[in-house]
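One letter stands for each residue in the lines below.
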Amino acid sequence: MAKFEPVLSKYFNEPEAWTLKHYRARGGYYGYATAKKALEMEPKAVTEEVKKSNLRGRGGAGFPAGVKWTFLPENGKPRYLAVNADESEPGTFKDREILAKDPHNLIESIICACWAIQSNHAYVFIRGEFTREAKRLQAAIDECYAEGILGENVLGLGKFKLDVTVITGAGAYICGEETGLLSAAEGRRAYPKIKPPFPAVEGYFRYPTIINNVETIQNVMHIIARGADWFKSIGPESGPGPKLFCVSGHVKKPGLYEVALGTTLREIIDMAGGPIGNIKGIIPGGSSMPIMTPDQLDTPADFDSIRAAGSFLGSAGMIVFNDQTCIVNALLNLSRFYHHESCGQCTPCREGLGWLEKLCHRIEFGHGKDGDVDLMNEVSVMIKGRTICFLADSLIMPVQSYIAKFRDEFEYHIKHRKCQTATEAGKFKALEEMAVTA
Ligand SMILES: Cc1cc2nc3c(=O)[nH]c(=O)nc-3n(C[C@H](O)[C@H](O)[C@H](O)COP(=O)(O)O)c2cc1C
Ligand code: SF4
């Protein structure tokens, strides 16, 4: 593996790294290679640099950030930046670390981004359960107002005014979907809306709004500080940069690992201490992504390579399953989650995800019927692409990929009314190993 110096998580383990005192001591805000540099550039030049860097969204879809910023209409209306800190995708725990451990880095990046898009108000939408994160970010924002870093005259440079407001959600998964997030931020139920119009044209209270994930934004000041060419030198040119991977499941050292995009899945799992037992499957990007198999471990973990291998990088929440994992049980767990989180607006999602959960439940508990696996596939085909937002597809992708790759396990459950793999002895063995290595 090529040598890699952490960028995003460099200070995560230093005591008090979240304070302004610590941030200033490492050159933050007032050093040249910071927001000050961005504010000395033309706003469009900042956008161009981000565009040139090929920074792709870290929230799930991997859309190029700089390109998104150019979609803002030139209509003289106020514009907003909404930073998506909802982080509800199972297996994902990177944004909360940024918020809690290096909030000033995020604020400095928000300043750069708002200058680029000429916005005077940024909102950070944090999921309700993240109380520590919301408190740390609010404390950092307060420090910035007290020091004149935020407010009427950002950094005292006489360039622009910027307010940053923290909004806490109520903990629903759908608040992370961008239009659902905006509805919740406006004080309404987090119902997603049909697109277009996209938020860049009609967003927060119908004003143009750029929505980016926390980690996407956190990269911005590093791109301005060190340049797009430096950023592009890290990983594949079509989607480069440092990346936080959240590794969980059957690995010896679950946790957050920062690597260059393009590091292989195997290398990342090795950093996490290696697997516990033999690997059966890997979800590369959060629980909604299609599952990959051990023969794909040498796939580079970047947007295009994972896509070419039949899955998505998503939110980089990597979950490892060993061969003691019951795939039917795992899918039941997911279907329960996504059905529960459906906002209920679209019938295929509200009802269809429930049907999938019921089918999975009866197969898992020994009541499956011949033809149930095909029925699950058929139901999933009827749901796919027929809903307002992508939440329904978040279950369809696992359903279709688990059946395609592990159909024999579903059929075994139906025929023998029991599980092929997760023997009680095996379950206990895996748990014992986990306890030893924890
Ligand atoms: C159901 C659903 C949940 C989502 N949850 C999140 C989330 O928790 N955090 C996030 O950044 N993006 C989430 N997204 C993606 C956002 O809609 C949006 O694409 C993203 O915030 C854009 O930022 P990015 O381009 O920087 O990735 C979710 C999307 C869907 C469909
Ligand atoms: S797909 Fe599901 S979560 Fe999304 S709008 Fe429709 S019902 Fe709501």
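Please read these numbers as outputs of a predicted model, since none were measured by experiment. (Residues numbered from 1 in each chain as written. Chains lettered and ligands numbered in written order. Predicted model: local features only at pLDDT ≥ 70, side-chain atom pairs only at ≥ 80, totals over all residues.)

Caption draft 1: View of the domain arrangement of the chain. The domain architecture assigned to the chain consists of domain 1 (20-232), domain 2 (242-322) and domain 3 (327-421). Put simply, the middle of domain 2 and the middle of domain 3, counted by C-alpha atoms, are 23 Å apart. Contacts between the two partners involve seven residues from domain 2 and, on the opposite side, eight residues from domain 3. Here the side of domain 2 that touches domain 3 is composed, by residue class, of four nonpolar, three polar and no charged. (Domains from an automatic or database assignment. Contact = placed C-beta atoms within 7 Å. Nonpolar A, V, L, I, M, F, W, Y, C, P; charged D, E, K, R; others polar.)

Caption draft 2: Region of the structure containing the environment of Asp323. In this fold, Asp323 is placed in the loop between strand 8 (317-322) and helix 13 (327-341). The class for Asp323 is partly exposed, based on 16 C-beta atoms found within 10 Å. Separated by 44 residues in the primary sequence, Asp323 and Ile279 have C-alpha atoms spaced 5.8 Å apart. (Helix = DSSP H or I, 4+ residues; strand = E, 2+ residues; numbered from the N terminus. Buried ≥ 20, exposed ≤ 12 C-beta atoms within 10 Å, placed from the backbone.)

Caption draft 3: Summary view of unusual backbone geometry. The residue after Lys195, namely Pro196, is reached through a cis peptide bond having omega -5°. Inspection of the secondary structure assignment puts Pro196 in the loop between helix 8 (178-185) and strand 4 (209-213). Geometrically, the link from Pro196 to Pro197 is a cis peptide bond, its omega value of 5° lying close to zero. A positive phi is found at Gln118, a non-glycine position, where the angle reads about 60°. Its place among the elements puts Gln118 in the loop between helix 6 (103-117) and strand 2 (121-126). Positioned with a positive phi, Arg206 is a non-glycine residue whose angle comes to about 70°.

Caption draft 4: Seen up close, the pairing of strand 8. In terms of burial, strand 8 is a largely internal element, six of the six residues being buried. The alternating pattern of strand 8 places Gly317, Ile319 and Phe321 on one face and Met318, Val320 and Asn322 on the opposite face, and all of these are buried. Pairing of strand 5 (residues 242-249) with strand 8 involves four bridges; the strand directions are parallel. Among the inter-strand pairings, Cys246 is bridged to a residue of strand 8, identified as Gly317. Across four bridges, the pairing between strand 7 (residues 279-283) and strand 8 is antiparallel. Residue Ile282 lies in a different strand from strand 8, and its bridge partner there is Val320. (Pairing = 2+ DSSP bridges.)

Caption draft 5: Representation of the site of ligand 2 in the model. Near ligand 2 there are 14 residues, and of these Cys343, Cys346, Cys349, Thr387 and Cys389 occur at the shortest range. Here the shell around ligand 2 is built from residues that sort into nine nonpolar, four polar and one charged. (Near = placed C-beta within 6 Å.)

Caption draft 6: Representation of helix 6. Over its 15 residues, helix 6 runs 21 Å from end to end, which matches the ideal 21 Å to within 8%, given 1.5 Å per residue. Burial runs high along helix 6: 15 of the 15 residues are buried. Gln118, located one to two residues past helix 6, shows a positive phi value of around 60°. (Expected span 1.5 Å × (residues − 1).)

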